[in-house]
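The chain contents come next:
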Amino acid sequence: MLSTLRSIVQEVNSARDLSEALNIIVCRVRAAMATEVCSVYLLDPETNRYILMATEGLYKEAVGRVTLAHSEGLIGLVGSREEPINLEDAPSHPRYRYFPETGEERFRSFLGVPIIHHRNVLGVLVVQQRESSRCFDEGEEAFMVTVSAQLAGVIAHSEATGAISGLSLTGQETGDVSFNGVAGAPGVAIGQSVVVYPPADLDAVPEKPTDNIEQELKIFSGAVTAVREDIEQVAERLAPQLRPEELALFDVYLRMLDDNALPGEVVNSIRGGIWAQGALRQVVQQYVRHFELMGDLYLRERAVDIRDLGRRLLSHLQEGEHESVVYPERTVLLSDELTPAMLGEVPHGQLVGLVSVRGSGNSHVAILARAMGVPTVMGMVDTPINQLDGKEVIVDGFEGKIFASPSDELRAYYQEICEEEAELFRGLEELRDKPCETTDGHRVSLLVNTGLMTDVVRSLNHGAEGIGLYRTEVPFMIKERFPSEQEQRGYYREQLEAFAPSPVTMRTLDIGGDKSLSYFPISEENPFLGWRGIRVTLDHPEIFLVQVRAMLKASEGLNNLQIMLPMVSNISEVEESLHLIYRVYHEVREEGFSIRMPKVGVMVEVPAAVYQVRELAERVDFLSVGSNDLTQYLLAVDRNNPRVAQLYHSYHPAVLQALVRIAHDAHAVGKPVSICGELAGDPGGALLLMAMGYDALSMNAASLPKVKSVLRSVSRAFADQLLEDTLLLDSPHVIKSCVDLALRSAGFGRYLRPGRASTSTYSKSS
Ligand code: PEP
Ligand code: MG
């Protein structure tokens, strides 16, 4: 059964479109189950009805014509119960519904299983049999459930592909279809999409038409010649070491490059109007699927050679391409996995929106986007974004969805939201120089999180009182090697100078997890539980020492530097770090620099640190809570995984209890405590944190004016009461509603936007 299943999935994967995929499913499942009928009904999100989309065994004319209301018939029953229904005599069931168009009355046994993707029922897969004596057994039921679970993702993907072309399930034209992901950075952007992709990755190549066929043919022919030459050279070099039969492998490669083999098919596709890279991708993928389906192991293995050839051809096609990307005036960058370097390549002022297939609302690239004020949607897992290149798109960073090729009405609707947002910010500018003080005189410092110099400029414009977290890894991530001490000193000086005499808290290099350096790759099974933050830098004192030295030298004459240690889970890590910092301090002074010993703090971002706050605080000058990681580790929810984004909730009672405890324990030993996770920049979160007694809230620059306006409009007593009420609640969702209600009653309903969206199937916008 396993091999049948595998080959069905592979065949379905290679289908060109949804209709072909569904036809393969019904054909193959019918044969595998040795039954008379197999059909697929899909739920049309537009009409909320099940449509018979493909069948083997019922009348073909019924396809597309037979539809059932959401809870009608046995199909509706399977969908609403979300479990298989196995009947020996279906017509006698009270929910049986008869459609003469299908010829169904002849069939008695019925087994229907729901097709569910990310909790959404996409449709129902059904098998039927004429004789009443056949009852599908448990093994058959289990097979159908497995097929359906495996195919749900492929069906969701094919549906989304049709939707990109503006087609409904039945192939009718449809408008304003949205694709759902996870909210990354708030705001709305309307712009033209540019799909960026890593080099030599065939699967990531976007689909694009070409209007210069001759040029594409020429480029492709150049690539084929170059790859042929490469292979001939390698064969020549290895000839003395290989036996003739081994050398023959190179001939196989060269034959695959003959004009009438793979290149011939690519040329045909280019002539059909597709750009060379896209044509190559299509042909290679077809070949690979074809080989992978072969029964013969030797031939199946040839898929690897084809992929290798494809990659070689692609890297020649992509030579020099990097420099030639033309970014439109209003660029929306789309990628399978966005990286800070990709953002840096868009010319200044032209980046308006971001979309990433991987990652979630608390991934670092989303945090960076929030700091830059660029509306972002993450976790677009089922959207074939490589088909969106060059299209007009709307990015709704509040709800976590995008629209491709929007109608005039939809564009006008979102344009209005953009204008409202701009107005809201203009209204907040007057708060810039006012203190963050409640109506009854309680003061809280509002600091910013920075990573780039642009953050600093924005922060100053928004009235920040210092930097609560400078993520030093950001300048490391946009370089191609470790920055030298001198280079680091330059970056750090900029940040320190911009805010002097206010404090600037620099975090030592925090790499690992989802923050990787291209020149220092870390590959691990569980990166978030692995070599991260202080663990890396203590293992590499040469990196740590250079960084601290650069920080101390940069602080000369300013004396506003504070150093903070990330990912601390053991007291010994603090002690070792302090030892190294003291050592550098003395050495730098000996070199003649006139500097003061900076304050040193620890980040509380893993559960172990929560229970050792006192011991940690006694050894350092301050604590700062990294609520992004603390939430992830307390709830065991990967902050980067869109599949569990709905479970990632900083309003979770366990997180709130931990935050209360941290503030209490730090103050009990007389040490200040701040917070620099994203919760601080959430107006409701800021209210709770103030009530918990946090001395400073550090957030992205874009959130600061909103938080300030909320805190200045309420009394501390109001926030205390809210905290008291929320601590009695046991559900994150109820807590969120309670906090939202308080914000509304304080007149800040306009700051509340719909929360994180999480489904990943496409849906028709209303
Ligand atoms: C945090 O974990 O809350 C934090 C501020 O650090 P980062 O988001 O950079 O991991
Ligand atoms: Mg962290």
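Residues numbered from 1 in each chain as written. Chains lettered and ligands numbered in written order. Predicted model: local features only at pLDDT ≥ 70, side-chain atom pairs only at ≥ 80, totals over all residues. Heavy atoms only, no water.

Section: the overall build of the chain
Along the chain, the regular secondary structure elements total 26 helices and 23 strands. For the chain, the C-alpha radius of gyration of 30 Å lies close to 27 Å, the compact-globule estimate for 766 residues. Seen along its three principal axes, the alpha-carbon backbone of the chain occupies a region of about 85 × 75 × 50 Å. Classification of the 766 residues of the chain by burial places 55% in the buried group. When contacts within the chain are restricted to residue pairs at least 6 apart in sequence, long-range pairs at least 24 apart make up 66% of them. Each charge class in the chain was averaged separately, 71 positive and 105 negative side chains, and the resulting centres sit 3 Å apart. (Helix = DSSP H or I, 4+ residues; strand = E, 2+ residues; numbered from the N terminus. Rg over C-alpha atoms; globule rule 2.2 N^0.38 Å. Buried < 20%, exposed > 50% of the residue type's maximum accessible area, 1.4 Å probe, protein only. Contact = heavy atoms within 4.5 Å. Lys, Arg positive; Asp, Glu negative; His and termini not counted. Charge placed at Lys NZ, Arg CZ, Asp CG, Glu CD.)

Considering the pattern of salt bridges
Applying the stated criterion to the full structure yields 38 salt bridges. With a shortest N-O distance of 2.4 Å, Arg-81 and Glu-83 are connected by a salt bridge. Arg-81 gets classed as partly exposed once you look at its relative accessible area, which sits at 49%. Relative accessible area serves as the criterion here: at 32%, Glu-83 is assigned to the partly exposed category. Residue Asp-510 is joined to Arg-532 by a salt bridge in which the shortest nitrogen-to-oxygen separation is 3.9 Å. Linking Asp-510 in the loop between strand 17 (504-507) and helix 16 (534-539) with Arg-532 in the loop between strand 17 and helix 16, this pair joins segments that are 22 residues apart in sequence. Linked through salt bridges whose partners overlap, the residues forming this network are Glu-473, Arg-507, Asp-510, Lys-515, Arg-532, Asp-629 and Arg-639. (Salt bridge = Lys/Arg side-chain N within 4 Å of Asp/Glu carboxyl O.)

Here we look at the nonpolar core
Judged by nonpolar contacts, the single largest core of 105 residues is most densely connected at Leu-623, Leu-659, Tyr-694 and Leu-697. Every residue in contact with Leu-623, bar those within four places of it in the chain, is listed here: Val-602, Val-604, Val-613, Leu-616, Ala-617, Ala-666, Pro-672, Val-673 and Ser-674. (Core = buried A, V, L, I, M, F, W, Y, C linked by side-chain atoms within 4.5 Å.)

Overview of the coordination of the magnesium ion (ligand 2)
Those donors, Glu-605 (OE) and Asp-629 (OD), are the protein atoms that reach the magnesium ion (ligand 2), and they lie 2.0 to 2.2 Å from it. Of this pair, Glu-605 sits in the loop between strand 19 (599-604) and helix 19 (607-610) while Asp-629 sits in helix 21 (residues 627-635), and the two are 24 residues apart along the sequence. For the residue pair Glu-605 and Asp-629, the accessibility class agrees, reading buried in each case. (Donors = N, O, S within 2.8 Å, 3.2 Å for Na, K, Ca; no water.)

Thoughts on the sheet that holds strand 15 (residues 445-450)
Strand order in the closed barrel formed by eight strands is 15-16-17-18-19-20-21-22, and the pairing between neighbours is parallel. Between one strand axis and the next, the sheet turns by 25 degrees as a mean value, whatever way the strands run. Set on the sheet, helix 17 (residues 541-554) makes contact with strand 17 and strand 18 (561-565); between it and strand 18 the angle comes to about 160 degrees. Across the sheet, helix 18 (residues 571-590) lies against strand 18 and strand 19, angled at about 145 degrees from strand 18, the strand it touches most. (Pairing = 2+ DSSP bridges. Axes fitted to C-alpha atoms, helices over the stretch in contact; angles between N-to-C directions.)

Notes on the sheet that holds strand 1 (residues 37-44)
Read across the sheet, six strands follow the order 3-2-1-6-5-4 without closing on themselves; strand pairing throughout is antiparallel. Across the chains shown, the open sheet's two edge strands, defined by having one partner strand only, are strand 3 (67-69) and strand 4 (85-87). Within this sheet the neighbouring strands show an average axis-to-axis angle of 20 degrees, counted without direction. As defined by bridge partners, strand 4 adjoins strand 5 (residues 109-117) across three bridges and the pair is classed as antiparallel. Each residue of the ladder has a partner; that of Leu-87, found in strand 5, is Phe-110. Of the strands in this sheet, strand 1, strand 2 (49-56), strand 5 and strand 6 (120-129) are in contact with helix 2 (residues 18-33), which crosses strand 1 at around 145 degrees. The sheet contacts of helix 4 (residues 138-164) involve strand 1, strand 4, strand 5 and strand 6, and relative to strand 5 the element is tilted by about 40 degrees.

Observations regarding the packing of aromatic side chains
Under the criterion given, the structure shown has seven aromatic pairs. Ring plane angle 50 degrees and centroid distance 5.5 Å describe the contact between Phe-403 and Tyr-414, whose orientation is recorded as tilted. In this pair, Phe-403 is assigned in strand 14 (residues 401-404) and Tyr-414 in helix 12 (residues 408-428), connecting sequence segments 11 residues apart. Here Phe-403 falls in the buried class, since its relative accessible area comes to 2%. The exposure class of Tyr-414 is buried, given its relative accessible area of 4%. The interplanar angle of 85 degrees and the centroid separation of 5.1 Å between the aromatic rings of Tyr-413 and Tyr-414 together place this pair among those described as edge-to-face. With relative accessibility at 49%, the residue Tyr-413 sits in the partly exposed group. By the ring-pair criterion, three or more aromatic residues cluster together here, those being Phe-476, Phe-482, Tyr-519, Phe-520 and Trp-531. Positioned above the aromatic ring of Trp-275, the side-chain terminus of Lys-208 is 4.4 Å from the ring centre. (Phe/Tyr/Trp six-rings, centres within 6.5 Å; stacked < 30°, edge-to-face > 60°. Lys NZ or Arg CZ within 6 Å of the ring centre and 35° of its normal.)

Bear in mind that shape data such as this cannot, by itself, settle questions of function.
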